[in-house]
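If you want the building blocks of each chain, they are given just below.
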Amino acid sequence: MLKGSGRCQARAFAPASVANVAVGFDLLGYAVPGVGDTVTVRRIDAPEVRISAIRGTAVALPTDAPRNTAGAALIALRDALSLPFGFEIEIDKGIPLSSGMGGSAASCVAALVAANALLDAPLSREQLYLYALDGEAVASGSRHGDNLGPMFLGGLVMSTLERLVPVAVPDAWHSLLVHPDAQLETRRARAALQGTYELKEFVAQSTNLALVLAGCHAGDAGLVRAGLADVLVEPRRAPLIVGFDAAKQAALDAGAMGASISGAGPSVFAWFETRLAAEAAAADVQAAFAAAGFGSQAWVTPLNSPGAALL
């Protein structure tokens, strides 16, 4: 896929993700490969980035490259590397809009992975991540990598503004992700977090994050059960999600180690010690949303799932 090979086009898939993971706001996330976005990138002579098509959504998304996450990311890449050529992008959306499943990040990551295959000197995933932050900022209004990191590396990842840190998780542990047929715009969900916080809330959240990370590294489900609870963000966002309380309780009643809002919502995730337990819980969580008047989709995937890939 380098210039000398005669290839001028590449196509990549980036999975959905669960961001925040209850205790790691703007920091922690994991990949959910059951659904995702596909982006085709062509190398063009014109020194620009342009978007020729966006498919798979009934809502019009920006085709002006600087206002689109994929376009903004490739502009950042092209400018940083002073590339003498440009890129043309086609986006096929597979992640529901405003679902809390990382849809804006997935288009951005898939575009970078595809464009990277067309460079004369391809970059590492960690290097591409820095340009992805510019793309994500277009959608959410801030630079944060909790969706981006796991999409690049797969699995559970801590994503700071400077680096990606994979977090070891037992292979048997699985995620249940349920998306009700509703939308919650990211900027609205972030606006709900405005206001004052007490120091004890930050201490409690830090304690829970430490318990979850220690439990993952040790393979200790008991530590994760003790810590996988959001005392900082979830209480402020839950009122925006009709049916959330019942859906979360259904997951906990089914034996989940913990459950909370996926990303900005309205999707809900839960962690289980086995795939069978996660699959068994799916119907109950979906029934809770049905009682609130919403149909839903559910995905059960290992917490150790692959990230973006060339197709």
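These lines cover the structure that appears in this document, whether it is placed above or below. Only a predicted model underlies this, so the values are computations on that prediction, with no experimental measurement involved.

Calculation criteria
- Residues numbered from 1 in each chain as written.
- Predicted model: local features only at pLDDT ≥ 70, side-chain atom pairs only at ≥ 80, totals over all residues.
- Heavy atoms only, no water.
- 1 Å grid on protein atoms, 1.4 Å probe; cavity = no way out; pocket = protein on both sides within 12 Å on 5 of 7 lines; lining within 4 Å.
- Points joined across faces, edges and corners; volume = space filled by probe spheres on them.
- Helix = DSSP H or I, 4+ residues; strand = E, 2+ residues; numbered from the N terminus.
- Nonpolar A, V, L, I, M, F, W, Y, C, P; charged D, E, K, R; others polar.
- Pairing = 2+ DSSP bridges.
- Axes fitted to C-alpha atoms, helices over the stretch in contact; angles between N-to-C directions.
- Contact = heavy atoms within 4.5 Å.
- Expected span 1.5 Å × (residues − 1).
- Buried < 20%, exposed > 50% of the residue type's maximum accessible area, 1.4 Å probe, protein only.
- Salt bridge = Lys/Arg side-chain N within 4 Å of Asp/Glu carboxyl O.

With respect to empty space enclosed by the protein
Alright, step 1. Tallied over the full model, the rule gives one cavity of 30 Å³ or more.
Alright, step 2. Space inside the largest cavity adds up to approximately 60 Å³.
Alright, step 3. As for the largest cavity, its lining consists of Asn20, Ala22, Asp230, Val233, Glu234, Arg237, Ser260, Ile261 and Gly263.
Alright, step 4. Listed by contribution, the elements that provide at least two residues to the lining of the largest cavity are helix 8 (234-237) and strand 8 (258-261).
Alright, step 5. When grouped by side-chain class, the residues that make up the lining of the largest cavity number three nonpolar, three polar and three charged.

Overview of the pairing of strand 8
Alright, step 1. Note: strand 8 against strand 9 (residues 268-272), four bridges, orientation antiparallel. When the sheet's bridge partners are listed, serine 260 is paired in strand 9 with phenylalanine 269.
Alright, step 2. Taking the residues between adjacent antiparallel strands as the criterion, strand 8 and strand 9 are bridged by six residues, where glycine 263 takes a positive phi near 60°.

Description of the sheet that holds strand 8
Alright, step 1. Reading across the sheet, the four strands line up as 8-9-7-10 and stay open at both edges, with antiparallel pairing between neighbours. The open sheet has two edge strands, strand 8 and strand 10 (296-302), and neither has a second partner. Each strand of the sheet is rotated relative to its neighbour by a mean of 15°, with strand direction disregarded.
Alright, step 2. Packed on one face of the sheet, helix 9 (residues 244-253) meets strand 8 and strand 9 and runs near 160° to strand 8.

Digging into helix 2 (residues 103-116)
Alright, step 1. Spanning 14 residues, helix 2 covers 20 Å between terminal C-alpha atoms, matching the ideal 20 Å at 1.5 Å per step.
Alright, step 2. Most of helix 2 sits inside the fold, with 13 of its 14 residues counted as buried.

Notes on the pattern of salt bridges
Alright, step 1. Across all of its chains, the model carries 16 salt bridges by this definition.
Alright, step 2. When the shortest N-O distance is used, the salt bridge between glutamate 88 and arginine 42 registers 2.9 Å. Taken together, the residues glutamate 88 in strand 4 (residues 86-92) and arginine 42 in strand 2 (residues 28-44) connect sequence positions 46 residues apart. We note that glutamate 88, like arginine 42, is buried.
Alright, step 3. One network of salt bridges, with partners in common, ties together Arg42, Glu48, Arg50, Arg55, Glu88, Glu90 and Asp92.

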